Amino acid sequence: MTLAVFFGCTFIAFGPALGLCLFTVVRDPLRIIILIAGAFFWLVSLLLSSLVWFIAVKASDPGDEPLQKGLLIFGVLFSVLLQEAFRFLYYKLLRKAIEGLVALSEDGCSPISIQQMAYVAGLGFGLMSGAFSMINLLADALGPGTVGIHGDSQLYFLTSAFMTMVMIFLHTFWGILFFHGCETQRWWEMVAVIFTHLIVSGSTFWNPLYVGSLVPSYLLMFATAAWAYVLSGGCTRNLLRSLQGQQSETSPQPGS
Amino acid sequence: MMITFMNSSDSEEEACNERTSLISVESPPAASYQDGLQAPEAAETQTYRKRRTGGSCSPSDADGGNSDSGIPVRDIAVDNKEEELTLKYGAKHVIMLFVPVTLCMIVVVATIKSVRFYTEKNGQLIYTPFSEDTPSVGQRLLNSVLNTIIMISVIIVMTVFLVVLYKYRCYKFIHGWLILSSLMLLFLFTYIYLGEVLKTYNVAMDYLTLFFVIWNFGAVGMICIHWKGPLHLQQAYLIMISALMALVFIKYLPEWSAWVILGAISIYDLIAVLCPRGPLRMLVETAQERNEPIFPALIYSSAMVWTVGMAKQDAASRSLTQQTWDSAEDVREIHDNSAYVESEISEARSPAPTHPATSLLEDLEEEERGVKLGLGDFIFYSVLVGKAAATASGDWNTTLACFVAILIGLCLTLLLLAVFKKALPALPISITFGLVFYFSTDNLVRPFMDTLASHQLYI
């Protein structure tokens, strides 16, 4: 494990997210606050789910392996559900905040729209989730050791980095979808978010069979990306134009 | 005791008069807000809108009362516009405080994680005489509580002493004391810090270069902090001395005592700032009565500095901040004769409560609308995060959780500041969140995340 592994995994896991931050979040103080508050909400959800898991583990027999495995599965599922619940709570809070901002603004409209808030909130959730998954690994990657010397996979760091990246992206898109579902009262969008989150977390149970976890996660990520893009008002024509480096003639419709 | 304070806008004439920050300004020079002032008529229409929506009308009344009563409607209109602008600018000021707090924490955490000196146990401060090396848990808890009581009493005594000195206008005494204290911090602690960093990275440096570097660093620091200097340089120096103080606390406070002291300090801060007979509140009110600024040297200011041009008035105020530092110096001199295990401890024994001085922030009349945060707040935030980094069994998640918790607490404090518009303690909310998240992340989240990581599961 060398500096190359450390930097490589850091940039794989956090590079895109930091790019997103740098280009879209850092300029606006309000977005930075929403980002950090999103991270805080994710943290609180993790705290509560850890509490539940901890109590369950302490109340059970530590030697019973299948039971511990079952409790872990339960812990993961409960954590996913709690994260989405906190996403909903955060949506409620941001709705109230928008009303406050509108009331206090000079021209009657909020300086930031709910769609932008959805994106930043999702990014906040994702960054915190990624950080908690990855930072300890990165710190260990700086130290001495050999990956997989006891027979585990040698690709542990690399796959963790890729998994972290896809989770950050997924959280961002889930944020957009979820908030859109809440805004327009389309409950199936929220259910879809919860469902895909459960699928992605469940697919990680295939690790170290990385094909079983990374491939579905990336496919789901692209699907949710396309869905979030469409919901935010994008269309394929604009996408093609931007890929070809041309300006689009019509600006995208604002998200519904 | 750390108080954050939000100014209403000031014009330049107001700056020279050193009115307190509670005045409202209706003058065009307040066009320092780049977003432009609206016409008063438009502002007036918003007055009614705000009256209907907002619940924070009372501060504007107070503000309106202070300014000249000639044109009350316009004052209120401007006030309400300022309220909007306050909230609209509130986000910017929150970020202006996030950045230095983050930088201070980064410096402290980086040092703690790399320089082993600051995590080694090498004695304790005289303010925490009870050792925690006892075998029983109850005894250890008792010792840490006793340590906390002693520390807080010292802080209370120092603060009251400071308030008394300020009331009786012993400015020269305070002034000299504070200069001695910052001299010690800028030269001695920097020398120790630099020595330890060089030792860690095995870099050789001759005494001549060392003298040159430390002399320049310290001299420029003294000038920037106590006199005039570029804003960013002054801010950088304040961040650095806060980090140095925090590192000293992290090194010399025993484990459990540190946590209990953090909790007790936030309670003390709450009482001292909000109670009518609290020393800090009395200090703030005295300063307001006399129309003097207090302690620009030990307050971090985020806005464009008018204090740069206000050396004369600042001298009086700076003298106040320096006093507490010097009282720590006096204590050191008295105890200097006792035997020390290492020479480094002697310096460490003095600094202890800088918070009384730092707690005296606020009131920045001369500034354009800006937020000020006391250096004690920086120090205690960094102590919390640094302790989390030092003692959380090598876990970075705990450090990160405490960091986010403190930032959110700061955000909430600033929100309350925007609503109440008076001096508020900055420690309680952040330290409470920080403590809650430290203990819960260390004990609950860490096993969960470790188990998940060992199976490479993602939630």
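Keep in mind it's a predicted model, so treat the numbers as computed, not measured. (Residues numbered from 1 in each chain as written. Chains lettered and ligands numbered in written order. Predicted model: local features only at pLDDT ≥ 70, side-chain atom pairs only at ≥ 80, totals over all residues. Heavy atoms only, no water.)

**Describing the pattern of salt bridges**
All names here are of chain B.
Thought 1: Counted by the stated rule, this structure contains nine salt bridges over all chains.
Thought 2: E120 is the salt-bridge partner of R116, the closest N and O atoms lying 3.5 Å from each other.
Thought 3: Note that R281 is salt-bridged to E285, the shortest N-O span being 3.2 Å. Taken together, the positions of R281 and E285, both in helix α10 (residues 279-290) and four residues apart, correspond to about one turn of that helix.
Thought 4: Assessed through its relative accessible area of 24%, R281 is described here as partly exposed. (Salt bridge = Lys/Arg side-chain N within 4 Å of Asp/Glu carboxyl O. Helix = DSSP H or I, 4+ residues; strand = E, 2+ residues; numbered from the N terminus. Buried < 20%, exposed > 50% of the residue type's maximum accessible area, 1.4 Å probe, protein only.)

**Focus: the UniProt feature "transmembrane region" (unreviewed entry) in chain A**
Residue and element names in this part refer to chain A.
Thought 1: As recorded in UniProt, the sites labelled "transmembrane region" (unreviewed entry) are residues 6-26, 33-56, 71-90, 117-135, 155-180, 187-206 and 218-240.
Thought 2: End C-alpha atoms of residues 6-26 are separated by 25 Å, and the span's content is 95% helix alongside 0% strand.
Thought 3: For residues 218-240, the helix share is 83%, the strand share is 0%, and the end-to-end C-alpha distance is 22 Å. (UniProt positions renumbered as here; feature names shortened; annotations may be inferred.)

**A closer look at the packing of aromatic side chains**
Thought 1: Using the criterion set out here, one finds 28 aromatic pairs over all chains in the structure.
Thought 2: Ring centres 6.2 Å apart and planes at 20 degrees place the aromatic pair F7 of chain A and F11 of chain A in the stacked group. Of this pair, F7 of chain A and F11 of chain A both sit in helix α1 (residues 3-25), four residues apart, roughly one helical turn.
Thought 3: By relative accessible area, which is 55% here, F11 of chain A ends up exposed.
Thought 4: Every member of this aromatic cluster is reached through a ring pair, and the members are F40, F41, F86, Y90 and F125 of chain A together with F433 and F437 of chain B.
Thought 5: A cation over an aromatic ring shows up here: K251 of chain B above the ring of F117 of chain B, its NZ or CZ 4.0 Å from the ring centre.
Thought 6: Seen from the ring of Y252 of chain B, K251 of chain B lies directly overhead, with NZ or CZ sitting 5.4 Å from the centre. (Phe/Tyr/Trp six-rings, centres within 6.5 Å; stacked < 30°, edge-to-face > 60°. Lys NZ or Arg CZ within 6 Å of the ring centre and 35° of its normal.)

**Some points on the interface of chain A and chain B**
Thought 1: Taken together, the 50 residues of chain A in the interface contact 44 residues of chain B.
Thought 2: It is L104, E106 and F132 of chain A that lose the most area in chain A upon contact with chain B, and together they represent 18% of the buried surface on that side.
Thought 3: The interface formed by chain A and chain B holds zero salt bridges in total.
Thought 4: No other element matches helix α2 (residues 29-58) of chain A, which puts 17 residues into the side of chain A that touches chain B.
Thought 5: Its residues placed into classes, the side of chain A that touches chain B shows 30 nonpolar, 18 polar and two charged. (Contact = heavy atoms within 4.5 Å. Buried area = accessible area lost by both parts, 1.4 Å probe. Nonpolar A, V, L, I, M, F, W, Y, C, P; charged D, E, K, R; others polar.)

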